[in-house]
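# A structural walkthrough
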Amino acid sequence: MSHAARSTRIGEPVRRREDHRLITGAGRFSDDVTLPGQAYAVMLRSPHAHARIRAIDSRNALALPGVIAVLTGADLRSDGLKPIPYNPFTLHPADIRMSNSDGSPPFVAPCYSMAVDRARYVGEIVAVVIAQTTPIAKDAAEAVDVDYEVLPAVTRTVAAAQPDAPRLWDDASSNVCLDADVGAKDATAAAFARAAHVVKIETWIQRVTGVPMEPRAAVGEYDAATQRYTLHAGSGGAVRLKTDLAKILGVPAKNVRVLMDDVGGNFGTRGMIYPEFALVPWAARRAGRPVKWTCERHESFLSDFQGRDLAVTAELALDAQGTFLALRGSNIGNSGGHPGSFTPLQKGVEIMSSLYRMPAAHFRARSVVSNTAPTRPYRSSGRPEVMYVMERLIDLAASEFGFDRVELRRRNLLKQGELPYTNPFGMIYDSGDYHDAMEKALKLGDWAGFPARRTEARRRGRRRGIGIANYVDTATGAPRERAEITVHPDGRVDLVIGTISNGQGHETSFAQLVNEWLGVPIDNVRLITGDTDIVKVGGGTHSGRSMRMGSVVIWNSAREIIAKGTRIAARLLESDPSTLRFENGRFRVEGADRSASLFEVAAAAAQLGDLPEDLRGPLAAFSDETFNIASFPYGCHVCEVEIDPELGTLEIARYSAVDDVGRAVNPMIIHGQVHGGIAQGVGQALMEQCYYDPGTGQLLTASFMDYSMPRADNFPFFSTEITEVPCTTHPLGMRPAGEGGTTPALGVFINAVVDALADYGVRHVEMPATPERIWRAIRDARAAPPAGRAR
Amino acid sequence: MATVSLTVNGQRVSAEVEGRTLLVQLLREHLRLTGTHVGCDTSQCGCCTVHLDGKGVKSCTVLAASCEGATVTTIEGLAPEGKLHPMQEAFREHHALQCGFCTPGMIMSAVDMVRRKGNDLDEHTVREQLEGNLCRCTGYHNIVKAIQAGAAAMKRKA
Ligand code: FES
Ligand code: FES
């Protein structure tokens, strides 16, 4: 338990204000919205991974009582709905640019909200059935007759990149949409030529899915009189959803309103607009009444954006002492059934070399389409993948060339004095104490005491292993954010901001900022985020941007409130503004016993008729900023596992994490973020996978019976520590905290697993490290001739 | 359609339900008690956990029509109006929720766990007994701590 908060200011583990409604069942999630007269939509989804749609016959469905309409891709086109405006590249200027190395433009195809000619993955929407009730709509969906011409499908990343693979778009020359070169090819080749040691890994960071516990849901409305659409749907941000929706519907942005209250998890999965979010309001217009759609869990597995799926071949060159000379390789990202996002590929490859001194690097980065659900950024988009690769390479180099794993890291880890450091891809790491984080993690995980624990485990017939992984995380995201603070004379403060909480506790941590800077009790702060009629600008929650950008625009607004308030208070207190100080919510005249509270000043602003123009009216201020610099959270995790070699089963014995956040606003919330992040990272490394049958493209893991979700008994209590080395590129010294738990977890976990199997000479275990995989690795290593063993 | 009468959170209620209507649908759609959530379609997630005649059940796995005469407690009725149950308090105190979607089911399961396993719950027991409740946000760390503390607090208040 976090200690009790001593105040509600920055740095305190303040208990969350949002919790009361959530623990009493009074939260309001998307599916809790019910509108009078609403009809219900069911999505008819393609049962084939790849099929041409020859014809759709809805007559039998429409004949069923209670069925209102069946809408198809043809209706969508004839109604003029536009493609979804996915922007495949990150928009942040600090991320590296990628383009095809041959100079041609990347292949991007329009993505409509429903299949219009072909379905390209199992679960792609083929028709929308609207009826009086969901059960009627389901029955009707079964009665829709779709004439499919089934086409050959390809699902696996490397296979999809082959020139002879079944092609998703006839007008593309292959499934490779982007084929970029990053880094310095010649310098890297030269470094490899003089290397004493070269270590190589070929691996696949498998496809997983975010699984927010709240399935998606949407209620759409259309008001014919005002020609306005309203969408109630949980998402990572209201403003972007509104803008995208307006583009798809082909209406001005002012004709669209998006509303959301509580959002049951995101992790990137809710980061971009979904086809259903456009189909539902459109259907409401067609049906002349509100339309509601609630995703069922099997549909989530089929149609939620999925994550990861990167095939990597990488080599690390070292000199005889173990100094890193260069890194090279190839990354192939799988964007699924539409080339909608190259972001994870981009955000991964640009920090391939992690926090290590790397004189040269070169990578080929490709993105392919395949007959699988589309992928998007998933918690720490692109970075866990590459951190895993780098940390595996280091452990492999250590075991193959006889270095100590920790010493090898110490030797190559950047020192504080070397920062800012430009990595070989051009990313500039601003600040931090990477060695301190690593040493702290070694201590927290009791690295020194491990041999005794290993021996003890051996006596019990178990194999115990320990792993370590450093990480860096590039936080960029949508660069623009806006906050507006209004002080009401009755003691309330409204804070309008364009990012939104999906469980991160903004109602508490943002209120702590307001308390710190304006002295207002946190319970008097009302946070407004989920109504685009009020919130006009903002990027939403992703890429560690909410507190990073939110703090600055709130700070600017608070300072502006104080500046304005000082001038008003000067009138009220009949003093010169220069003699006023703002402290603990009051403007005080220095050296005199006269003061006015912030709220008295707000009342004066509303009442005094002779104030200068800019001070009259409500006491309010806003800040609208664009953040063009990336932030680089970092840290180090240590993990210890114990394996039963007879069964291949595994238990996580200890997990220790040190994460630097620059300056912690609410440490309780940050520890919680780290816990959840670790579970998602370890979940991938240990058990999760979206498994597509390679032949048919069927998703064989489309329920909780089949998709292995981490449960309480998969984990121990975590030891987490926060460090606060101020970030030099953030005016308040903050670094993001939401993704660091996940970023090193894949690598540290597999490093621990492989270490546990050292006795058998196992070189590597692919993810997910299921009992079967571990058991086979032991068996195969035992069967291998001794010369083939690493030790 | 059949009429089913039952007591929900101390109130006698009746509703017209189809044979296929689930208890969770009765609660959410007919009675508008939306604190009970639906997180899956295979009885795995536990978001829908309520107490049926004093025992924890997944309300997505119970037919409403089979609840004639039953007594149901949902998260909304766990504590008297305006008060918190010690388990609810423990969840807040220990930061055992982030998005809060799994939370009502977690709390109802936790209270049922205390009924079955007593107030003195060790970590191992709590983790094993949470088999039927999924959370994607918290990594379970604080949920386990909260349940241990909440169970102990229930003893003190009992
Ligand atoms: S909704 Fe009942 S167990 Fe998931
Ligand atoms: S708190 Fe979000 S699923 Fe548990």
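Residues numbered from 1 in each chain as written. Chains lettered and ligands numbered in written order. Predicted model: local features only at pLDDT ≥ 70, side-chain atom pairs only at ≥ 80, totals over all residues. Heavy atoms only, no water.

So, on to the overall build of chain B. Counting its regular elements, chain B contains five helices and five strands. Listed by position from the N terminus, the elements making up chain B come as β-β-α-β-β-β-α-α-α-α. Seen through its principal axes, chain B has C-alpha atoms that stretch 45 × 30 × 25 Å. Counting every position in chain B, which comprises 158 residues, the buried fraction comes to 59%. (Helix = DSSP H or I, 4+ residues; strand = E, 2+ residues; numbered from the N terminus. Buried < 20%, exposed > 50% of the residue type's maximum accessible area, 1.4 Å probe, protein only.)

Residues and elements named next belong to chain A. The strand order across the open sheet formed by four strands is E21-E20-E19-E25, and the pairing between neighbours is mixed. Where the open sheet ends on each side, the last strands, each with one partner, are strand E21 (525-528) and strand E25 (619-626). Neighbour-to-neighbour, the strand axes of this sheet turn through a mean angle of 15°, independent of strand direction. One ladder, built from five bridges, connects strand E19 (residues 480-487) with strand E20 (residues 493-497); its direction is antiparallel. Bridging across to E20, Thr-486 finds its partner in Asp-494. Lying over the sheet, helix H15 (residues 506-518) contacts E19, E20 and E21, oriented at roughly 130° with respect to E21. Across the sheet, helix H17 (residues 598-607) is in contact with E19, E20 and E25; its angle to E25 comes to roughly 100°. (Pairing = 2+ DSSP bridges. Axes fitted to C-alpha atoms, helices over the stretch in contact; angles between N-to-C directions. Contact = heavy atoms within 4.5 Å.)

A few words now on the packing of aromatic side chains. Taken as a whole and judged by the stated rule, the model has 19 aromatic pairs over all chains. Here Phe715(A) and Tyr140(B) contribute two aromatic rings whose centre-to-centre distance is 6.5 Å and whose plane-to-plane angle is 25°, an arrangement assigned as stacked. Taken together, the positions of Phe715(A) in the loop between helix H18 (667-686) and strand E28 (719-723) and Tyr140(B) in the loop between helix H4 (123-129) and helix H5 (141-157) put the pair across two chains. According to the relative accessible area criterion, Phe715(A) is buried, its value standing at 5%. What makes Tyr140(B) buried here is its relative accessible area of 1%. Lying across the ring of Phe622(A), Arg482(A) places its NZ or CZ 4.4 Å from the centre. For the cation-ring pair, Arg559(A) lies above Trp555(A), with the distance from its terminal atom to the ring centre recorded as 3.6 Å. (Phe/Tyr/Trp six-rings, centres within 6.5 Å; stacked < 30°, edge-to-face > 60°. Lys NZ or Arg CZ within 6 Å of the ring centre and 35° of its normal.)

Take the sheet that holds strand E24 (residues 595-597) of chain A next. All names here are of chain A. Pairing within the open sheet is antiparallel, and its three strands lie in the order E22-E23-E24. Bordering the open sheet on either side are strand E22 (580-583) and E24, each of which pairs with just one other strand. Ignoring strand direction, the axes of neighbouring strands in this sheet form an average angle of 20°. With four bridges connecting them, E22 and strand E23 (residues 586-589) associate as antiparallel partners. Within E23, the position partnered with Phe-582 by the bridge is Phe-587.

All names here are of chain A. Between helix H12 (residues 405-412) and helix H13 (residues 434-444), the least distance of the axes is 10 Å, while the angle of their chain directions is 165°. Looking at the two axes, H12 sits roughly antiparallel to H13. H13 is crossed by H12, and the crossing has left-handed handedness. Listed contacts from H13 to Val-406, Arg-409 and Arg-410 of H12 are His-435, Met-438, Glu-439 and Leu-442. (Parallel < 35°, antiparallel > 145°, perpendicular 65-115°, else oblique. Left-handed = near helix turned anticlockwise from the far one by under 90°.)

This paragraph deals with the interface of chain A and chain B. Contacts between chain A and chain B engage 53 residues on the former and 48 residues on the latter. Inspection of the region where chain A meets chain B yields four salt bridges. Residues Arg15(A) and Glu93(B) are paired through a salt bridge, measuring 2.9 Å at the closest nitrogen-oxygen approach. Connecting chain A to chain B are 23 residue pairs in polar contact (both at pLDDT 80 or more). For the side of chain A that touches chain B, the elements supplying multiple residues, two or more each, are helix H1 (19-23), helix H4 (134-143), helix H9 (297-303) and H18 of chain A. Partitioned by chemical class, the residues of the side of chain A that touches chain B number 24 nonpolar, 17 polar and twelve charged. (Salt bridge = Lys/Arg side-chain N within 4 Å of Asp/Glu carboxyl O. Polar contact = N/O pair within 3.5 Å; in protein donor to acceptor, adjacent residues only side chain to side chain. Nonpolar A, V, L, I, M, F, W, Y, C, P; charged D, E, K, R; others polar.)

Residues and elements named next belong to chain A. Those residues of H4 not exposed but buried are Ala-137, Ala-140 and Ala-141. Axial view of H4: buried residues confined to an arc of 105°, hence all on one face. If you follow the buried residues of H4, they end up packed against strand E1 (39-45), helix H2 (59-62), strand E3 (67-72) and strand E5 (125-131). The backbone nitrogen of Ile-136 has a side-chain oxygen 3.2 Å away, supplied by the residue at the start of H4, namely Thr-133. (Arc of directions from axis to C-beta.)

All names here are of chain A. Here Arg-286 is to be found in helix H8 (residues 275-287). Residue classification places Arg-286 among the partly exposed residues on the basis of a relative accessible area of 38%. A distance of 3.0 Å separates a polar atom in the side chain of Arg-286 from a polar atom in the side chain of Asp-79.

The next point concerns the pairing of strand E10 (residues 228-232) of chain A. On a regular strand, one side chain projects to one face of the sheet and the next to the other, so that they alternate. All names here are of chain A. Counting buried positions along E10 gives four out of five residues, so the element sits mostly inside the fold. Sheet topology places strand E9 (residues 217-223) next to E10; five bridges connect them, and they run antiparallel. Paired with Glu-221 across the bridge in E10 is Thr-230. In textbook terms, the turn of a hairpin is the stretch between consecutive antiparallel strands, and for E9 and E10 this stretch comprises four residues, one of which, Gln-227, has a positive phi near 55°. Where E10 lies against strand E11 (residues 256-259), four bridges are found, and the strand directions are parallel. Paired with Leu-231 across the two strands is Val-258, which belongs to E11.

Okay, H12(A) next. Residues and elements named next belong to chain A. Of the residues making up H12, those classed as buried are Arg-405, Val-406, Leu-408, Arg-409 and Asn-412. Axial view of H12: buried residues confined to an arc of 160°, hence all on one face. Close packing links the buried residues of H12 with strand E13 (306-318), strand E14 (324-334), helix H11 (383-401), H13, strand E18 (463-472) and helix H19 (745-756). The opening residue of H12 is Asp-404, an N-cap whose side-chain oxygen sits 3.0 Å from the backbone nitrogen of Val-406.

Residues and elements named next belong to chain A. Each assigned domain of chain A is listed with its residue range as follows: domain 1 (33-151 + 214-264 + 270-303), domain 2 (306-476 + 629-789) and domain 3 (480-626). Listed by partner, the interface residues are 17 residues for domain 2 and 17 residues for domain 3. Between domain 2 and domain 3, the buried area comes to about 1200 Å², and carbon and sulfur atoms account for 63% of it. Summed over the three residues of domain 2 that lose the most area to domain 3, namely Thr-476, Val-665 and Leu-732, the buried surface amounts to 34% of that side. (Domains from an automatic or database assignment. Buried area = accessible area lost by both parts, 1.4 Å probe.)

Residue and element names in this part refer to chain B. By domain assignment, chain B separates into domain 1 (2-77) and domain 2 (86-157). Once you take the C-alpha centre of each, domain 1 and domain 2 turn out to be 21 Å apart. Taken residue by residue, the interface counts 18 residues in domain 1 and 15 residues in domain 2. Sorting the residues of domain 1 by area buried against domain 2 places His-37, His-51 and Ile-75 first, and these three jointly supply 39% of that buried surface. At the junction of domain 1 and domain 2, the tally comes to zero salt bridges.

Glancing now at the packing of helix H16 (residues 546-573) of chain A against H17(A). Residues and elements named next belong to chain A. Here H16 crosses H17 at 75°, and the two axes come no closer than 9 Å. It follows from the interaxial angle that H16 and H17 lie roughly perpendicular. Where H16 abuts H17, its residues Ile-561, Gly-565, Ile-568, Ala-569 and Leu-572 lie against Leu-598, Glu-600, Val-601, Ala-604 and Ala-605.

Before going further, it helps to examine the pairing of E20(A). Residues and elements named next belong to chain A. Taking burial as the measure, the five residues of E20 include five buried ones, the bulk of the element. With burial as the criterion, each face of E20 is covered, one bearing Val-493, Leu-495 and Ile-497 and the other bearing Asp-494 and Val-496. Counted between consecutive antiparallel strands, the loop separating E19 from E20 contains five residues, among which Gly-491 sits at a positive phi close to 100°. When E20 meets E21, the two strands line up parallel, connected through four bridges. Opposite Leu-495, over in E21, you have Leu-527 as the bridge partner.

Our next topic: the environment of Gly307(A). Residue and element names in this part refer to chain A. Here Gly-307 is to be found in strand E13. Separated by 361 residues in the primary sequence, Gly-307 and Met-668 have C-alpha atoms spaced 28 Å apart. Setting aside anything within four residues of it in sequence, one finds Gly-307 in contact with Gln-206, Arg-207, Val-208, Thr-209, Thr-375, Arg-376 and Tyr-378.

Residues and elements named next belong to chain A. Tallied over the entire structure, the rule returns 74 salt bridges over all chains. Residue Glu-640 is joined to Arg-464 by a salt bridge in which the shortest nitrogen-to-oxygen separation is 2.7 Å. Separated by 176 residues along the polypeptide, Glu-640 in strand E26 (residues 634-644) and Arg-464 in strand E18 bring together distant segments of the chain. The exposure class of Arg-464 is buried, given its relative accessible area of 10%. Each member of the salt-bridge network shares a partner with another, and the members are Asp-446, Arg-453, Glu-456, Arg-460, Arg-464, Glu-640, Glu-642 and Arg-654.

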